[in-house]
Amino acid sequence: MALVMHSYKGNKNSDKAFIAAEFTGVKIDMPSGFEMGVTNKTPEFLKMNPLGKIPVLETPEGPIFESNAIARYVSRLNGDNSLNGSSLIESAHVEQWIDFSTNEIYGNIFNWFVPRMGFMPYSVPGEEAAISALKRGLEALNTHLTSNTYLVGHSVTLADIITVCNLNLGFSTVMTKSFTSAFPHVERYFWTLINHPNFKKVVGDVKQTESVPPIKKAGQPAKPKEQPKKKEAPAAEAPKPVEEEEAPKPKAKNPLDLLPPSPMVLDEWKRLYSNTKSNFREVAIKGFWDMYDPEGYSLWFCDYKYNDENMVSFVTLNKVGGFLQRMDLARKYAFGKMLICGSEGPFKVKGLWLFRGPEIPKFVMDEVYDMELYEWTKVDISDEAQKERVSQMIEDAEPFEGEALLDAKCFK
Ligand SMILES: N[C@@H](CCC(=O)N[C@@H](CS)C(=O)NCC(=O)O)C(=O)O
């Protein structure tokens with residue numbers, strides 16, 4: 001018998017096992033037609049979980065309830081992986097972070113969000129206590145992530161899968177950008193992992209909530225956008241099944257496509273950059289300045305604001321790599337160079353960006369949270385020293401401003 005998940009698409013608790021399954025290559029079926037409040041109250045379902053809660057995983061050896069237990073089972077089905085750490089102490093740390101994120105993160109997000117939805121009594125002191133406990137948890141997580149890419153070791157473990165699913169509940173319901181910006185390492189960690197292909201395949205595109213939802217009166221739970229079709233009172237935190245989301249509106253044209261045409265063709269520059277293998281200064285750099293159109297494009301220097309945190313080389317490189325991945329949405333409109341300078345920590349991250357239009361595009365500012373982590377200065381091309389700095393950044397000149405380069409990454 002195959003593994004069968006009883007849940008609905010988009011449930012953040014069952015996502016944990018589905019993501020673990022992506023890492024372990026395990027197949028889990030999920031029958032369609034699950035109806036919240038109906039299917040999970042049938043006698044057959046109550047035999048699998050007497051609480052009548054989802055998710056439940058049916059296995060050849062019997063059913064399992066509790067989403068963390070289900071995810072642990074899935075992560076251990078195929079022994080050939082390091083989701084549970086690769087030593088006794090690492091597996092203890094995996095468990096430590098799973099408990100931490102369940103109690104200190106998920107529990108407090110739940111106590112903030114659910115009373116607002118009207119599924120539990122709301123009180124101002126109750127909400128304040130939940131928010132302050134959540135901040136304490138996020139502060140601790142942020143500190144750990146200052147010098148660690150993952151919670152345990154150097155690759156994704158079950159602790160990351162469960163923590164990111166728990167954070168996802170927060171990012172998509174109550175934790176707005178102005179709340180999370182106090183925890184920049186948590187933000188970087190969350191956005192990097194939620195966009196990891198094995199996560200993305202399960203959770204799809206995630207958008208941070210723009211506001212904290214208004215308080216609904218207890219007993220009259222307003223149908224949250226997230227709520228699945230049901231015949232009786234739903235689970236407190238039941239999130240919306242993905243398939244019930246509103247049909248996407250037709251995509252509006254990017255305002256940058258409406259700018260007056262420019263003689264500079266970005267792809268031509270990118271080709272010249274990539275194909276120039278020798279005499280870079282004479283060919284590519286000269287070519288760049290010959291084609292640069294200051295009416296249609298602008299150049300920007302960026303400097304990472306928190307260089308003193310960049311003590312570990314691979315963490316710094318991952319951070320910059322994540323930034324470039326998130327810039328993917330601007331590929332048609334941007335070219336960038338990111339230099340990681342220094343031969344030991346703290347490494348300095350300095351960048352140069354070419355954007356279509358006279359300003360940094362608004363959609364980039366809105367969608368790429370890393371933008372706020374950098375100081376941005378428009379290049380004044382009438383200043384020869386600034387032009388020379390641009391040229392040096394494009395050609396990965398080394399030493400750059402007196403320092404060796406740990407790496408130079410290009411966005412093209
Ligand atoms: N600790 C449980 C929580 C399960 C839970 O609360 N499930 C909700 C949906 S996300 C549910 O089924 N509620 C139905 C109910 O309370 O009757 C887990 O992680 O699996």
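Cut-offs and rules
Residues numbered from 1 in each chain as written. Predicted model: local features only at pLDDT ≥ 70, side-chain atom pairs only at ≥ 80, totals over all residues. Heavy atoms only, no water. Pairing = 2+ DSSP bridges. Helix = DSSP H or I, 4+ residues; strand = E, 2+ residues; numbered from the N terminus. Contact = heavy atoms within 4.5 Å. Axes fitted to C-alpha atoms, helices over the stretch in contact; angles between N-to-C directions. Buried < 20%, exposed > 50% of the residue type's maximum accessible area, 1.4 Å probe, protein only. UniProt positions renumbered as here; feature names shortened; annotations may be inferred. Phe/Tyr/Trp six-rings, centres within 6.5 Å; stacked < 30°, edge-to-face > 60°. Lys NZ or Arg CZ within 6 Å of the ring centre and 35° of its normal. Domains from an automatic or database assignment. Buried area = accessible area lost by both parts, 1.4 Å probe. Salt bridge = Lys/Arg side-chain N within 4 Å of Asp/Glu carboxyl O. Polar contact = N/O pair within 3.5 Å; in protein donor to acceptor, adjacent residues only side chain to side chain.

(A) The arrangement of the sheet that holds strand β2 (residues 28-29) in detail. A sheet is described by the order of its strands in space; here four strands give the open sequence β2-β1-β3-β4, paired in mixed fashion. Strand pairing shows two members of the sheet lacking a second neighbour, β2 and β4 (62-65), which therefore form its edges. Alignment of strand β3 (residues 56-59) against β4, held across four bridges, turns out to be antiparallel. Across the sheet, residue L57 finds its bridge partner in β4, namely I64. Packed onto the sheet, helix α3 (residues 67-77) meets β1 (3-6), β2, β3 and β4 and runs at close to 125° relative to β4.

(B) Structural detail: unusual backbone geometry. The linkage connecting G345 with the following residue, P346, adopts the cis geometry, with an omega of 0°. Within the secondary structure, P346 is located in the loop between β6 (334-341) and β7 (348-356). Here the residue pair E398 and P399 is connected by a cis peptide bond, since its omega of 0° sits within 30 degrees of zero. Positionally, P399 belongs in the loop between α14 (384-394) and β9 (405-411). If you check the backbone angles, E66 has positive phi at about 80° while not being a glycine. Residue position: E66 is located in the loop between β4 and α3. Of note, the phi angle at E401 is positive, near 50°, even though the residue is not glycine. Inspection of the secondary structure puts E401 in the loop between α14 and β9. Residue class for E401 comes out partly exposed when judged on its relative accessible area of 41%.

(C) Summary view of the UniProt feature "domain: GST C-terminal" (unreviewed entry) in the protein. If you check UniProt for "domain: GST C-terminal" (unreviewed entry), the listed places come out as residues 87-215 in our numbering. When the span residues 87-215 is considered, its composition is 70% helix and 0% strand, and the gap between its end C-alpha atoms is 46 Å.

(D) Looking closely at the packing of aromatic side chains. One pass over the structure, following the stated rule, counts 26 aromatic pairs. Among the aromatic residues, those joined into a ring-pair cluster are Y304, Y306, F323, W353, F355, Y374, W376 and F411. The ring centre of Y106 lies 6.0 Å from the NZ or CZ of K16, which sits over that ring. Across from the ring centre of F301, 4.5 Å away, lies the NZ or CZ of R389, which sits over that ring.

(E) Region of interest: the domain arrangement of the protein. Segmentation of the protein into domains returns domain 1 (1-248) and domain 2 (257-411). Between domain 1 and domain 2, the residue contacts involve 14 residues of the former and 11 residues of the latter. Counting each side, the surface lost to burial between domain 1 and domain 2 is near 1100 Å², with a carbon and sulfur contribution of 57%. On inspection of domain 1 and its partner domain 2, the count reaches two salt bridges. For E372, the salt bridge identified is with K177, shortest N-O distance 3.8 Å. There are four residue pairs in polar contact (both at pLDDT 80 or more) connecting domain 1 and domain 2. At seven residues, the largest contribution of residues to the side of domain 1 that touches domain 2 is made by helix α8 (residues 184-194).

(F) Representation of the pattern of salt bridges. For the coordinates displayed, the defined rule picks out 21 salt bridges. K286 is paired through a salt bridge with D290; the nearest N and O atoms lie 2.9 Å apart. Separated by four residues within a single helix, K286 and D290 lie in helix α11 (residues 280-291), roughly one turn from each other. Under the relative-accessibility criterion, D290 is labelled exposed at 56%. Measuring nitrogen to oxygen at the nearest pair gives 2.6 Å for the salt bridge that ties R389 to E401. Here R389, found in helix α14, pairs with E401, found in the loop between α14 and β9; they are 12 residues apart in sequence, far enough to count as distant.

(G) Looking closely at α8. The element α8 is largely enclosed, with a buried count of 10 among its 11 residues. Buried residues of α8: P184, H185, V186, E187, R188, Y189, F190, W191, L193 and I194, and no others. For α8, the secondary structure elements touched by its buried residues are α5 (124-146), α6 (158-173), α7 (177-180), α9 (197-203) and α12 (313-326).

(H) Looking closely at the side chain of S75. Tracing the chain through its elements places S75 in helix α3. A relative accessible area of 1% places S75 in the buried class. Ignoring any residue separated from it by four or fewer positions in sequence, one finds S75 in contact with A20, T24, N81, L83, N84 and L158.

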